[in-house]
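# Coordinate analysis (summary)
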Amino acid sequence: MIQLKSKEDIDGIRTSGHILAELFEHLGEEIAEGMSTWDVDKVCADFMKRNHSTGPCKGYMGYPSVSCVSVNDMVIHGIPSKREILRNGDIVSVDICLEKNGYVSDSTHTYEIGKVSPEVHQLNTVTEKCLYLGIEAASVPHARIHDISKAVFTHASKYGYGVVRDYTGHGVGFSIHEDPEVPNFVSLSMPNARLRPGLVIAIEPMINMGTYKVKTLPDGWGVKTIDGKPACHWEHTIAVTEDGIEIMTKL
Ligand code: MF3
Ligand code: CO
């Protein structure tokens, strides 16, 4: 069931999203070669604390950290670890949910560590572009969920990239995962809600350089590409208002 948000709710999600956007800016300055993925999570947790907010991923179905830190062929849900050290040429997606006054926002950035290969840099810029094309598709009057899906899928496919099918975007705001699902591919058998004022969703293309196929690690969380090729992930929380689309997690 889709839970539409009131104006007041959207104000709350905006405040949450604003802190999250600032956290990503801060991370962009901090993240560097030699840090562990656990250090990255610590930067997130400390920032949340300073800003009187929390990270609802921690404790969600037993997940241990406030962020998911996924390096190279890890697509999503990488558990931060003191043993995993960032190296020159790595790409690192940091996926964070932030809760402030009961309102949840959700966003992901993929950072490049030092100098990455041109192929990997292209994967990253194309994935970010997929996110903005998805948001643009949502901005068209009378748009439906599948319009977002199609925009993401079409752009990624132009480059021969694999679009992850096993995970999707989602409604957000009162909790981490709400209805509706927001897939990055079009499946006519899936629901296709019309976007209307009060709808708040996370759009999150997960794009692989090679095959779209992924596998879950024995830790029950980490999701990697099966061919070992790199993957990128970008995400914003957006709200549909009477005046159009507003990105909640961007400054
Ligand atoms: N932020 C993730 C998403 O975009 C949710 C991660 S759940 C966690 O859907 F428990 F792994 F953190
Ligand atoms: Co999400």
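Residues numbered from 1 in each chain as written. Chains lettered and ligands numbered in written order. Predicted model: local features only at pLDDT ≥ 70, side-chain atom pairs only at ≥ 80, totals over all residues. Heavy atoms only, no water.

Going by what an unreviewed UniProt entry lists, the protein is known as Methionine aminopeptidase and is assigned to Candidatus Ornithospirochaeta stercoravium. Listed under Function (unreviewed entry) in UniProt, the entry text for the protein is "Removes the N-terminal methionine from nascent proteins. The N-terminal methionine is often cleaved when the second residue in the primary sequence is small and uncharged (Met-Ala-, Cys, Gly, Pro, Ser, Thr, or Val). Requires deformylation of the N(alpha)-formylated initiator methionine before it can be hydrolyzed." Here the protein is described in UniProt, under the heading Subunit (unreviewed entry), as follows: "Monomer." (UniProt positions renumbered as here; feature names shortened; annotations may be inferred.)

## Examining the site of ligand 1
Around ligand 1, 13 residues are found, and the nearest of them are C57, D95, D106, H177 and E204. Residue D106 places a side-chain N or O atom 3.0 Å away from an oxygen atom belonging to ligand 1. The contact in question runs from an oxygen atom of ligand 1 to an N or O atom on the side chain of H170, over 3.3 Å. Protein chains bury 97% of the 340 Å² of accessible surface belonging to ligand 1 in isolation. (Near = heavy atom within 4 Å. Polar contact = N/O pair within 3.5 Å; in protein donor to acceptor, adjacent residues only side chain to side chain. Areas by Shrake-Rupley, 256 points an atom, 1.4 Å probe, with all protein chains shown as cover.)

## Observations concerning the sheet that holds strand β14 (residues 244-247)
Ordered in space as β7-β6-β8-β13-β14, the five strands form an open sheet in which the pairing is antiparallel. Taken across any chain shown, the strands that pair with only one partner, and hence form the sheet edges, are β7 (178-182) and β14. Adjacent strand axes in the sheet meet at a mean angle of 25° when their direction is disregarded. Contacts from helix α1 (residues 7-30) reach β8 (200-203), β13 (236-241) and β14, with the element oriented near 155° to β13. (Pairing = 2+ DSSP bridges. Helix = DSSP H or I, 4+ residues; strand = E, 2+ residues; numbered from the N terminus. Axes fitted to C-alpha atoms, helices over the stretch in contact; angles between N-to-C directions. Contact = heavy atoms within 4.5 Å.)

## Quick notes on the pattern of salt bridges
Evaluated as defined, the whole model comprises four salt bridges. E178 is the salt-bridge partner of K5, the closest N and O atoms lying 2.5 Å from each other. One end of the pair, K5, is in the segment before α1; the other, E178, is in strand β7, and 173 residues separate them in sequence. Both residues of the pair, K5 and E178, belong to the buried class. The partner of E246 in a salt bridge is R14, with the nearest N and O atoms 2.7 Å apart. Of this pair, E246 sits in strand β14 while R14 is found in helix α1, placing the two residues 232 residues apart along the sequence. Looking at E246, the relative accessible area reads 26%, which means it is partly exposed. Salt bridges linked by common partners bring D11, R14 and E246 together as one network. (Salt bridge = Lys/Arg side-chain N within 4 Å of Asp/Glu carboxyl O. Buried < 20%, exposed > 50% of the residue type's maximum accessible area, 1.4 Å probe, protein only.)

## Describing helix α4 (residues 145-158)
With 14 residues, α4 extends 21 Å between its outermost C-alpha atoms, agreeing within 8% with the 20 Å of an ideal straight helix rising 1.5 Å per residue. Regarding α4, the residues found buried are I145, H146, I148, S149, A151, V152, H155 and A156. Among the structural elements, α3 (118-138), β5 (162-163), β7, β8 and β9 (206-208) are those in contact with the buried residues of α4. Residue G160 follows α4 closely and has a positive phi angle near 75°. (Expected span 1.5 Å × (residues − 1).)

## With respect to the side chain of N208
Mapped onto the fold, N208 is located in strand β9. Classification of N208 as buried rests on a relative accessible area of 0%. Engagement of the side chain of N208 in a polar contact is seen with the backbone oxygen of T211, the distance being 2.9 Å.

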